[in-house]
Amino acid sequence: LAEGAMLLRGFAAERGAALLAAIEGIAVAAPFRRMITPGGFEMSVAMTNSGTAGWVTDRKGYRYARHDPDSGKPWPSLPAEFLELAEAAATEAGFPGFVPDACLVNRYEPGARLSLHQDRDEADYGHPIVSVSLGLPATFQFGGLKRSDPVKKVALRHGDVVVWGGAARLFHHGVLTLRDGEHPLTGHRRFNLTMRKAL
Ligand code: MD6
Ligand code: FE
């Protein structure tokens, strides 16, 4: 995609069912919810987390929190399948030894979108992010350091993994409005895992 950003087509495809089962387990302890942006808007993407820290947003801002604000409990721990996949994908992309401590789980239903943003709430941008797409396909927008930089569009399908770090770590990106469809494992939904070293 760019220097530091690599798309690994189908890298997680054969693990899709196991990853989705792990997501179901996470959602039992920490249900998906639509969070509120600092500007007061409800996000169209529903989110939950696993790991030592989870990404949250509310009227006070964006941050990582060690506890689920809805329950007051720690987030469910990172499943072993997530850790293994993150390490393997990062190694394949040239970032060996990646050990995430946070996984944001995004759930898209038809009509949901994620506007252009940077991932910059992590403590150290020296670590990459590993992103896994499951279920319905989506169009990913991939820009540059400036919000106004031109964007490339790339289709992300079930099992695709994106690893990015290095020069691309702070590039803007987003997901266009999800179109309805039916996937054998997820029905009318898309899930995305983004694994990070947040703390
Ligand atoms: C998504 N992904 O694919 C949203 N962020 O649903 C992201 O926002 C993202 O794919 C950082 C690194 C990789 C990503
Ligand atoms: Fe992001």
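Before reading further, recall that the structure is shown in the block above.
Since this is a predicted model, take the numbers as computed values, not measurements. (Residues numbered from 1 in each chain as written. Chains lettered and ligands numbered in written order. Predicted model: local features only at pLDDT ≥ 70, side-chain atom pairs only at ≥ 80, totals over all residues. Heavy atoms only, no water.)

**Student:** Would you mind showing me how to read the coordination of the iron ion (ligand 2) here?
**Tutor:** Each angle at a metal carrying four tetrahedral donors should ideally be 109.5 degrees, and each at a metal carrying six octahedral donors should ideally be 90 or 180 degrees. Within the first shell, the iron ion (ligand 2) binds the protein through His117 (NE2), Asp119 (OD) and His173 (NE2), at distances of 2.1 to 2.2 Å. If you list the donors of the iron ion (ligand 2) from N- to C-terminus, the spacing comes out as H-x1-D-x53-H. Separated by 54 residues along the polypeptide, Asp119 in the loop between strand 6 (114-117) and strand 7 (129-135) and His173 in strand 11 (residues 173-175) bring together distant segments of the chain. (Donors = N, O, S within 2.8 Å, 3.2 Å for Na, K, Ca; no water. Helix = DSSP H or I, 4+ residues; strand = E, 2+ residues; numbered from the N terminus.)

**Student:** Any chance you could explain the packing of aromatic side chains here in plain terms?
**Tutor:** Any two aromatic rings considered together are summarised by their centre-to-centre distance and by the angle between their planes. The tally for this structure, following the rule as stated, stands at five aromatic pairs. Relative to Phe191, the ring of Phe32 has its centre 5.9 Å away and its plane inclined at 55 degrees; by these criteria the two rings are tilted. With a gap of 159 residues between them, Phe32 in the loop between helix 1 (16-29) and strand 2 (46-51) and Phe191 in strand 12 (residues 190-196) connect regions that are remote in the sequence. A relative accessible area of 17% means that Phe32 is categorised as buried. (Phe/Tyr/Trp six-rings, centres within 6.5 Å; stacked < 30°, edge-to-face > 60°. Buried < 20%, exposed > 50% of the residue type's maximum accessible area, 1.4 Å probe, protein only.)

**Student:** Help me understand the nonpolar core, please; the structure alone is not making it clear to me.
**Tutor:** When a protein is soluble and globular, its nonpolar side chains tend to lie buried together. Counting residues in hydrophobic clusters, the biggest one holds 31 residues, and the most contacted among them are Met47, Tyr108, Leu114, Phe140, Phe142 and Trp164. Counting residues per element, the ones that place at least two in this core are strand 3 (54-58), strand 4 (61-65), strand 5 (102-108), strand 8 (138-142), strand 9 (152-156) and strand 10 (161-164). Those residues in contact with Leu114 that sit more than four places away from it in its chain are Met43, Val45, Met47, Tyr108, Gly174 and Val175. One finds Leu8, Leu85, Ala89 and Phe191 within the second-largest nonpolar core, a separate group that totals 29 residues. (Core = buried A, V, L, I, M, F, W, Y, C linked by side-chain atoms within 4.5 Å. Contact = heavy atoms within 4.5 Å.)

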